[in-house]
Amino acid sequence: SAVISQKPSRDICQRGTSLTIQCQVDSQVTMMFWYRQQPGQSLTLIATANQGSEATYESGFVIDKFPISRPNLTFSTLTVSNMSPEDSSIYLCSVEVGMNTEAFFGQGTRLTVV
Amino acid sequence: QQQVKQSPQSLIVQKGGISIINCAYENTAFDYFPWYQQFPGKGPALLIAIRPDVSEKKEGRFTISFNKSAKQFSLHIMDSQPGDSATYFCAAGTQMKYIFGTGTRLKVLA
């Protein structure tokens, strides 16, 4: 398994501002992913954070709104830009560990936009 | 073709009973089917997973049954305990990109 730390754990932000969420893993991992979980809903993949190249975004998500950095094999950031109340969600970092392609999740960042 | 349908939406089971949650997928390219358990305020925790080359996998009280021809898989929780009360998500995917089901809120009565 892997220990995944996300910061901040929660935040309340004003609309129009941006928030950067950090994801730190205790070991080097090839694959890192960012998910969104809207209140009472399931998880939706936002993008794959690729080390050394641009992130790969899923349909409905764009780089201008959710810029992602992956400077090394243990760290990634997700920025939620120009926030609106509709961005209020839990944002989760996920990593692949081991040969069985098991995915592990961080505790999530609970974002409320007012 | 990218949906994963999960049922029931909620489930109430007596302590010691069997909890059964079902999922159906559409994309035949999916080759990994994990189940996650999520407690309030926590991230999802991997519970058990299966690949399509086997029809059943058991770990302790948790069993996945997999029907490749029907494109369905299910989670069985034997001897359900109040501590199992949580939201359960199935997922399906390939190369680490998962589509999640809508979740089942399980409540086990003491």
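Located above this text is the structure these notes cover.
If you're wondering where the values come from, they're calculated on a predicted model, not measured in any experiment. (Residues numbered from 1 in each chain as written. Chains lettered and ligands numbered in written order. Predicted model: local features only at pLDDT ≥ 70, side-chain atom pairs only at ≥ 80, totals over all residues. Heavy atoms only, no water.)

### A look at the overall build of chain B
In step 1: Looking only at helices and strands, chain B has 0 helices and 11 strands in total.
In step 2: If you list the helices and strands of chain B from N to C, you get β-β-β-β-β-β-β-β-β-β-β.
In step 3: Computed over its C-alpha atoms, the radius of gyration of chain B comes to 13 Å, within 12% of the 13 Å expected for a compact globule of 110 residues.
In step 4: Along the first, second and third principal axes, the C-alpha set of chain B runs to 40 × 30 × 20 Å. (Helix = DSSP H or I, 4+ residues; strand = E, 2+ residues; numbered from the N terminus. Rg over C-alpha atoms; globule rule 2.2 N^0.38 Å.)

### A short note on the state of the cysteines
In step 1: Evaluated as defined, the whole model comprises 2 disulfides over all chains.
In step 2: Covalent S-S linkage joins A:Cys23 and A:Cys93, the inter-sulfur distance amounting to 1.9 Å. Residues A:Cys23 and A:Cys93 are joined by a disulfide whose S-S torsion is about -65°; by sign, that bridge is left-handed. Highlighted residues: A:Cys23 in strand β3 (residues 19-25) and A:Cys93 in strand β9 (residues 89-97), separated in sequence by 70 residues.
In step 3: The class for A:Cys23 is buried, based on a relative accessible area of 0%.
In step 4: Relative accessible area serves as the criterion here: at 1%, A:Cys93 is assigned to the buried category.
In step 5: The disulfide partner of B:Cys23 is B:Cys90, and the S-S distance across this bridge is 1.9 Å. Here the S-S torsion is close to -95°, and the disulfide linking B:Cys23 with B:Cys90 is therefore left-handed. (Disulfide = S-S within 2.5 Å. Buried < 20%, exposed > 50% of the residue type's maximum accessible area, 1.4 Å probe, protein only.)

### Section: the sheet that holds strand β1 (residues 4-7) of chain B
Strand pairing in a sheet relies on backbone hydrogen bonds, with the paired strands running either antiparallel or parallel.
Residues and elements named next belong to chain B.
In step 1: Pairing in this open sheet of 5 strands is antiparallel, and the strands run β1-β3-β8-β7-β6 from one edge to the other. Each edge of the open sheet is held by one strand with a lone partner, namely β1 and β6 (56-59). Sheet twist, expressed as the mean angle between neighbouring strand axes with direction ignored, is 15°. (Pairing = 2+ DSSP bridges. Axes fitted to C-alpha atoms, helices over the stretch in contact; angles between N-to-C directions.)

### Comments concerning the environment of A:Asn82
All names here are of chain A.
In step 1: With respect to the helices and strands, the residue Asn82 is situated in the loop between β8 (75-80) and β9.
In step 2: When the C-alpha atoms of Asn82 and Ser18 are compared, they prove to be 5.4 Å apart, with 64 residues separating the residues in sequence.
In step 3: If we ignore the near neighbours within four places in the chain, the residues touching Asn82 are Gly16, Thr17, Ser18, Lys65 and Asp87. (Contact = heavy atoms within 4.5 Å.)

### Things to note about the pattern of salt bridges
In step 1: Summed over all chains, the structure comprises 4 salt bridges over all chains.
In step 2: Note that A:Glu58 and B:Lys97 form a salt bridge whose closest N and O atoms lie 2.9 Å from each other. Of the two residues, A:Glu58 is situated in the loop between β6 (56-57) and β7 (68-72) and B:Lys97 in strand β10 (residues 97-100); the pairing between them involves two chains.
In step 3: Relative accessible area serves as the criterion here: at 22%, A:Glu58 is assigned to the partly exposed category.
In step 4: For the salt bridge of A:Lys65 with A:Asp87, the shortest nitrogen-to-oxygen distance reads 2.6 Å. Residue A:Lys65 is found in the loop between β6 and β7, and its partner A:Asp87 is found in the loop between β8 and β9; the two are separated by 22 residues along the sequence.
In step 5: Look at A:Asp87 and you get buried, because its relative accessible area is 5%. (Salt bridge = Lys/Arg side-chain N within 4 Å of Asp/Glu carboxyl O.)

### Some remarks on the packing of aromatic side chains
In step 1: Counted under the stated rule, the structure contains 17 aromatic pairs over all chains.
In step 2: Where B:Tyr36 meets B:Phe100, the ring centres are 5.7 Å apart and the plane angle is 45°; that geometry is what we call tilted. Of this pair, B:Tyr36 sits in strand β4 (residues 33-38) while B:Phe100 sits in strand β10, and the two are 64 residues apart along the sequence.
In step 3: Ring geometry for B:Tyr98 against B:Phe100: centres 6.4 Å apart, planes inclined by 85°, an arrangement best described as edge-to-face.
In step 4: On the basis of relative accessible area, B:Tyr98 is assigned to the buried category, the value being 3%.
In step 5: Among the aromatic residues, those joined into a ring-pair cluster are A:Tyr35, A:Phe105, B:Tyr32, B:Tyr36, B:Tyr98 and B:Phe100. (Phe/Tyr/Trp six-rings, centres within 6.5 Å; stacked < 30°, edge-to-face > 60°.)

### Some details on the sheet that holds β8(A)
All names here are of chain A.
In step 1: With respect to topology, 4 strands assemble into an open sheet ordered β1-β3-β8-β7, the strand pairing being antiparallel. Every interior strand has two partners, whereas the edge strands, β1 (4-7) and β7, have only one. Put simply, the sheet's adjacent strands are angled 15° from each other on average, direction ignored.
In step 2: As defined by bridge partners, β7 adjoins β8 across 3 bridges and the pair is classed as antiparallel. Bridge assignment links Ser69 to a residue of β8, and that residue is Thr77.

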